[in-house]
Amino acid sequence: MSAKSALPRHVAVVMDGNGRWAKQRSLPRLEGHRRGAAKARQIVEWAADCGIRQISLFAFSTENWSRPKIEVRGLMSLLATLLPREIAAMQQKGVRVRVLGDITALPKKAQKAIEKACTETAANSHIDLVLCLNYGGQQEVMAGAKRMCRWAAEQEDVAAALDSIDVSRFRNFLWCDDLLPVDLLIRTGGEHRISNFFLWDAAYCELYFSHRYWPDFERDDFEAALADYAGRERRFGKTSEQLISEQSGEKCSDSFAVRGDDAL
Ligand code: FPP
């Protein structure tokens, strides 16, 4: 018997491979992104159908600004034109749109489309679609550290305030503080990297890499990722035996008590 994970509550996706998908077909890169945007729409539906609570899509990273201007402009214009067209379908599916990242740097038209999608879907509760735009995990952690320092500086005993921060309380200073922790991070396109996505939650999320280019990622591939996740044992530093006894409601015996050097 082993303690297995069931359905992830929060799935994050690095939608990689649009450019290579297009190149393979002698198409412009932007056509790959267009197909990628259509795939993004589909994965939200698949996730909603499965009962996943939150899906985060890495749509534009802080590093993506260094791509050719024409590609950046194309991505922004895709966002501004496609997002408003999806609102009716999202209302029907109960999708609430949220944003992670600093969207003030995006073109006004894209900002407006995002704000409209967030406002109009705010009351939906079936699934959250978290659009990660101008997002970077290092930037998020750094902003969190600054926010924590500002908070500590306002406390009477600054040193005691800082000492009171543990890993769980530090997460409250991050942009992702009101999101569920990421359970499963999927990356398509064959690369085995996190690329500055959800660095804090990457500490204990399960990673799944698919060789498929994002526009070719199909429902079967998504379900294979979920099945793979369901077979994982998420130990968070504990032993299998502890998890099993916790699941069966038994009290852990002293022989399984975690010592510092066991928590690896
Ligand atoms: C990575 O593929 C993909 C992106 C940088 C953008 C992802 C965007 C979408 C799926 C479209 C929806 C989002 C918006 C903003 C409209 P890549 O271009 O790095 O592919 P490659 O590694 O094959 O070159």
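Residues numbered from 1 in each chain as written. Predicted model: local features only at pLDDT ≥ 70, side-chain atom pairs only at ≥ 80, totals over all residues. Heavy atoms only, no water.

**Remarks on the side chain of Thr 121**
As for its position among the elements, Thr 121 is in the loop between helix 4 (108-120) and strand 4 (127-135). Note on Thr 121: relative accessible area 0%, which makes it buried. When sequence neighbours within four positions are dropped, the list of residues in contact with Thr 121 reads Met 90, Gln 91, Val 95, Arg 96 and Val 97. (Helix = DSSP H or I, 4+ residues; strand = E, 2+ residues; numbered from the N terminus. Buried < 20%, exposed > 50% of the residue type's maximum accessible area, 1.4 Å probe, protein only. Contact = heavy atoms within 4.5 Å.)

**Examining the sheet that holds strand 1 (residues 10-14)**
With parallel pairing, six strands are arranged side by side in an open sheet as 3-4-2-1-5-6. Only two strands of the sheet have a single neighbouring strand rather than two, namely strand 3 (95-100) and strand 6 (206-209). Sheet twist, expressed as the mean angle between neighbouring strand axes with direction ignored, is 20°. The strands touched by helix 4 within the sheet are strand 3 and strand 4, with strand 3 carrying the most contacts at an inclination of about 135°. (Pairing = 2+ DSSP bridges. Axes fitted to C-alpha atoms, helices over the stretch in contact; angles between N-to-C directions.)

**Considerations on the site of the ligand**
Asp 16, Gly 19, Arg 20, Arg 29 and Arg 67 are the nearest of the 17 residues found near the ligand. At 2.9 Å, a side-chain N or O of Arg 29 approaches an oxygen atom of the ligand. Burial of the ligand by the protein chains amounts to 89% of its free accessible area of 610 Å². In a pocket analysis with a 2 Å cut-off to the grid points, the ligand is assigned to the largest pocket. Within the residue set of the shell around the ligand, elements represented by two or more residues are helix 1 (18-24), helix 2 (29-50) and helix 3 (69-93). The biggest single contributor to the shell around the ligand is helix 2, with four residues. When the residues that make up the shell around the ligand are grouped by side-chain class, the tally is seven nonpolar, six polar and four charged. (Near = heavy atom within 4 Å. Polar contact = N/O pair within 3.5 Å; in protein donor to acceptor, adjacent residues only side chain to side chain. Areas by Shrake-Rupley, 256 points an atom, 1.4 Å probe, with all protein chains shown as cover. 1 Å grid on protein atoms, 1.4 Å probe; cavity = no way out; pocket = protein on both sides within 12 Å on 5 of 7 lines; lining within 4 Å. Sits in = over half its atoms within 2 Å of the grid points. Nonpolar A, V, L, I, M, F, W, Y, C, P; charged D, E, K, R; others polar.)

**Considering the packing of aromatic side chains**
A complete count under the given rule lists 12 aromatic pairs for this structure. Considering the side-chain rings of Tyr 135 and Phe 198, the 5.8 Å spacing of their centres and the 45° angle between planes classify their relative orientation as tilted. Here Phe 198 lies in the loop between strand 5 (184-187) and strand 6 and Tyr 135 lies in strand 4, a separation of 63 residues in the sequence. Each member of the pair, Tyr 135 as well as Phe 198, carries the same accessibility label: buried. Centre to centre, the rings of Tyr 204 and Phe 236 are 5.3 Å apart; their planes meet at 40°, and the pair counts as tilted. Remark: Phe 236 occurs in the loop between helix 8 (219-230) and helix 9 (240-247) and Tyr 204 occurs in the loop between strand 5 and strand 6; sequence separation between them is 32 residues. (Phe/Tyr/Trp six-rings, centres within 6.5 Å; stacked < 30°, edge-to-face > 60°.)

**Looking at the layout of surface pockets**
In this model, the largest pocket occupies a volume close to 1000 Å³. Forming the walls of the largest pocket are 44 residues, and the residues nearest its centre are Met 15, Ala 37, Ala 40, Phe 58 and Ala 59. For the lining of the largest pocket, the leading source of residues is helix 3, giving 12 residues. Across the lining of the largest pocket, the residue classes break down as 23 nonpolar, nine polar and 12 charged. Roughly 310 Å³ of volume is contained in the second largest pocket. The wall of the second largest pocket is formed by 14 residues, among which Arg 171, Pro 181, Asp 201, Tyr 204 and Phe 236 lie closest to the centre. (Points joined across faces, edges and corners; volume = space filled by probe spheres on them.)

**Here we look at the side chain of Asn 196**
Its location among the elements puts Asn 196 in the loop between strand 5 and strand 6. A polar contact of 2.7 Å, which involves the side chain of Asn 196, links it to the backbone nitrogen of Gln 138. Here the side chain of Asn 196 touches Gln 139 through a polar contact of 3.1 Å, side chain to side chain. Once residues lying within four places of it in the same chain are set aside, the contact partners of Asn 196 are Phe 58, Thr 62, Glu 63, Tyr 135, Gly 136, Gly 137, Gln 138 and Gln 139.

**Quick notes on the environment of Met 15**
Inspection of the secondary structure assignment puts Met 15 in the loop between strand 1 and helix 1. On a C-alpha basis, the gap between Met 15 and Val 99 in space is 16 Å, while along the polypeptide they are 84 residues apart. In this structure Met 15 touches Ala 40, Leu 57, Phe 58, Ala 59, Thr 188 and Trp 214, once residues within four positions along its chain are discounted.

**A word on helix 2**
Structurally, the α-helix is built with 3.6 residues per turn, so residues lying three or four positions apart point the same way. Its 22 residues place the ends of helix 2 31 Å apart at the C-alpha level, agreeing with the 32 Å of an ideal helix rising 1.5 Å per residue. Just downstream of helix 2, Gly 51 is the residue with a positive phi angle, here 90°. (Expected span 1.5 Å × (residues − 1).)

**A closer look at the confidence of the model for the protein chain**
Across the protein chain, the average pLDDT comes to 92, with 93% of residues at 70 or higher. Residue range residues 252-264 is modelled with pLDDT below 50. Its contacts to residues more than four positions away, or to other chains, number 11 contacts. (pLDDT = per-residue confidence, 0-100.)

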